[in-house]
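An overview of the molecular structure
Here are the chains, one letter per residue:
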Amino acid sequence: MVERLASKSTIRFKPLIFVTMIIILVLAVFPLLFWNTATSLTYMTILMPLSSFLTLSLFVYTSWWSYNHDKTIFRAWTLLTMGIGLYFGADLLYFIFENINNITAIYTIANTIYLLSYPLMIGGILSFLREPYKIRIKALLDVFIVMLASFFIVWFLLVWPVMKSSYPDYVSIIISITYLFLDLILLTAYLTVLLDENRKITEAPLILLSLGIFFQIFADMFYAYHAVEPTLIYEWLFTILFTSNAIFASVAAVSFLKNVDIDLRSWISYYKESRFRNEWISYLPLVLVLFTYSLLIITTPDKALIWGVGIIVVLVVVREIVSLNEIKKAQMVLKRNKELIASREEQLSFITTNMLDLITESDENGVFKYVSPSSNQLLNIPPENLLGESLYQYIHPQDLEKVTESLKSSAKLGSSVRLRYRHKNSQDGYMWMETIGKPVYENNEFKGFIYSNRDITEQKKAEKFVKDSLNEKETLLREIHHRVNNNLQIISSLLSLQSRNLVDEKDRELFTESQNRVRSMAMIHEKLYQSENLSSIKFSDYVKTLLDTLIYDASPNLSNINIDLDVGDIELNLETSVPCGLIINELVSNSLKHAFPKGSEGTITIKMRAENDKYVFFVSDDGVGCVQQGDMENNSKLGLNLVNSLIKQLDGTIEVLEGQGTAYKITFHELEYPKRI
């Protein structure tokens, strides 16, 4: 189909046909209201040229549109427009000289112009075909035989008996026959394009043009009657029928411009489903041909009739040759397909026999319809023993409910499902199976599943081994952290006991600081031991516990120091938590020792946040203030030197902020050590 700019039809086909028929009916009824008056005669005189002019105008616009938007069909519409233009010119000549008698030259010129319009229209409509042509030759011959046989039946039964004795010369007879024959040729051209699968336009314009030429065939018949016996009723009939052809051609142009489409698939499907109608129509060409033959018996044989019957006989012979050729090609294709199917079946059988996976198919009730030969290797069960058996009777009872619900859900949603369950084998034991099931539908009705099954028993054993091994290693790691915590607590206790024997207060203070450092590291191992995740700890919990311990040791009554803690849900690994904990221990201990003299009240603030791939935390107090930036860079005290060393270990920076009390801003990266195992 040709691609159009409009993405969606703005007019539907059936309403378009309905409106067209209403217009034709109104135009046909109007002269009956003023029958056999000057008004009706004038109306019928001007109706044909006016309708031809309307058609010509629309075709000119359609040609211009195709030139601007789709040049692939410009030639076709241009030829059609030229044919319609000649047709309008002939109508105009008849309109001008209709009331002038004895000017036979005008009628001869008009007939010549009429006849010249047909080749242009036939060439135009055939230009809508796109290479490669995919014409259904047999169907086209059937249509042409039916039309030609119908033409001869109507002509020699209804038209010829009237015309034979009344026409003054054979020239008029030949012209009348030529018009009808050219109408049939034009209708055949329309149907040829309609039956081709590789055309450039949609079905709607072609159907409308075919309907128009169908009306014109009857119009030419009544015009032939009118030429023999001029009557008002004949003039009214051929005028309305010629006008109907023009209106249908105009509507065809509109349907193209408005991108009206019609889906013939539903009609074809209905036709195929109606077996009686299908069988009856298939005999229609034969019935009409036989009836045409009978004309030689029931009428006086005429040369024209004999020639006509001869033409039909030739067409029937050609049709049979085409049918035999198509049957021969179909047989060759069928033979190749059978050989290909046999080869594919042999190849598929070889693959399924030697594959490790098991392919099965079940119906909607779970009964096996197909089992691949690989069931011998996988289950040690021959495939024929599984056919007709239910899938569910081979599933472990503990897995049955889970598998059943999963398959029901998959069938309802129309999606694939992946299952792991225990499947019975020939030893009445069970093996682990992984199955991928794909639901099968026919006419939107669920018909069963196709399964691909794989033995994963060894995989499940390996998974269990790995899981048990991980549990064992996790238990071991927890035990290690627990013992490290205990050992560090012992060291802390030893430092505490040793400090009791010291007389100098400064020496005792040094022991206490070392004890706090050891305890800060011990708390991390304790948190790891208690955590579900052995690779990291929740840092806010750790900091809160550490601060509570430091403040309690520095001020046992817990009344003069407040804590403002905002760490959030940050988790740090062991390598990062230890230096961070020691940094907080040193800075908070320094604040407790120097920022709040003589038991004064105050607040220690610790805030921490993540910024991209870094962490930033603040440690501050609102005490007297005792540390400047220069003290951090040049300091001989162990605590601040330790903080600087830990900051370098974290690849971070420390900044002393100005303001009341002492405030530190520390920025660092989380350390990532390579795996040791």
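Structural notes, computed from the coordinates.

Thresholds, definitions, all that
Residues numbered from 1 in each chain as written. Predicted model: local features only at pLDDT ≥ 70, side-chain atom pairs only at ≥ 80, totals over all residues. Heavy atoms only, no water. Salt bridge = Lys/Arg side-chain N within 4 Å of Asp/Glu carboxyl O. Helix = DSSP H or I, 4+ residues; strand = E, 2+ residues; numbered from the N terminus. Buried < 20%, exposed > 50% of the residue type's maximum accessible area, 1.4 Å probe, protein only. Core = buried A, V, L, I, M, F, W, Y, C linked by side-chain atoms within 4.5 Å. Contact = heavy atoms within 4.5 Å. Expected span 1.5 Å × (residues − 1). Pairing = 2+ DSSP bridges. Axes fitted to C-alpha atoms, helices over the stretch in contact; angles between N-to-C directions. Parallel < 35°, antiparallel > 145°, perpendicular 65-115°, else oblique. Left-handed = near helix turned anticlockwise from the far one by under 90°. Nonpolar A, V, L, I, M, F, W, Y, C, P; charged D, E, K, R; others polar.

One pass over the full model with this rule turns up 12 salt bridges. Between arginine 420 and glutamate 463 there is a salt bridge whose closest N-O contact spans 3.2 Å. Linking arginine 420 in strand β3 (residues 417-424) with glutamate 463 in helix α16 (residues 457-499), this pair joins segments that are 43 residues apart in sequence. Since its relative accessible area comes to 28%, arginine 420 is described here as partly exposed. For glutamate 463, a relative accessible area of 34% puts it in the partly exposed group. Connected through salt bridges with shared partners, the residues Arg418, Arg420, Glu434, Lys460 and Glu463 form a single ionic network.

Another aspect to go through is the nonpolar core. Within the largest apolar cluster, 67 residues are counted, with the highest numbers of intra-cluster contacts made by Phe59, Ile125 and Phe128. Breaking this core down by element, the ones donating at least two residues are α1 (13-33), α2 (38-69), α3 (74-97), α4 (104-126), α6 (170-195), α7 (203-228) and α8 (232-257). At 14 residues, the largest contribution of residues to this core is made by α8. Not counting residues up to four positions away in its chain, the partners in contact with isoleucine 125 are Leu80, Ala189, Tyr190, Val193, Leu206 and Leu209. One finds Met523, Ile524, Ile570 and Tyr615 within the second-largest nonpolar core, a separate group that totals 40 residues.

Look at α3: 35 Å from first C-alpha to last across 24 residues, which is about the 34 Å you get at 1.5 Å a residue. If you check which residues of α3 are buried, you get Ala76, Trp77, Leu79, Leu80, Thr81, Gly83, Ile84, Tyr87, Phe88, Ala90, Asp91 and Tyr94.

Before going further, it helps to spend a moment on the sheet that holds β3. The strand order β2-β1-β5-β4-β3 describes an open sheet built from 5 strands, whose pairing is antiparallel. Lying at the two open borders of the sheet, with one neighbouring strand each, are β2 (368-371) and β3. The mean angle between the axes of side-by-side strands here comes to 30°, regardless of whether they run parallel or antiparallel. Summarising the sheet, strand β1 (residues 358-363) and β2 pair through 3 bridges and their orientation is antiparallel. The residue of β2 that forms the bridge with glutamate 361 is tyrosine 370. Those strands touched by helix α15 (residues 397-413) are β3, β4 (430-442) and β5 (445-455), and its axis lies near 150° from that of β3.

Turning to the sheet that holds strand β7 (residues 561-566), a few remarks are in order. Spatially, β7-β9-β10-β12-β11 is the arrangement adopted by the 5 strands of the open sheet, whose pairing is mixed. Taken across any chain shown, the strands that pair with only one partner, and hence form the sheet edges, are β7 and β11 (653-657). Between one strand axis and the next, the sheet turns by 15° as a mean value, whatever way the strands run. Relative to strand β9 (residues 602-611), β7 is paired through 6 bridges, and the arrangement is parallel. Paired with isoleucine 561 across the two strands is glycine 602, which belongs to β9. Against the sheet, helix α18 (residues 539-554) contacts β7 and β9, and its axis sits at roughly 170° relative to β7.

Attention shifts here to the packing of α2 against α3. Taken N-terminus to C-terminus, the directions of α2 and α3 make an angle of 160°; their axes are 9 Å apart at the nearest point. For the element pair α2 / α3, the angle class is roughly antiparallel. The element α2 and its partner α3 pack so that their crossing is left-handed. Per-class residue counts for the contact of α2 with α3 are 15 nonpolar, 9 polar and 1 charged.

Fair warning: the whole summary comes from geometry, so function is off the table for now.
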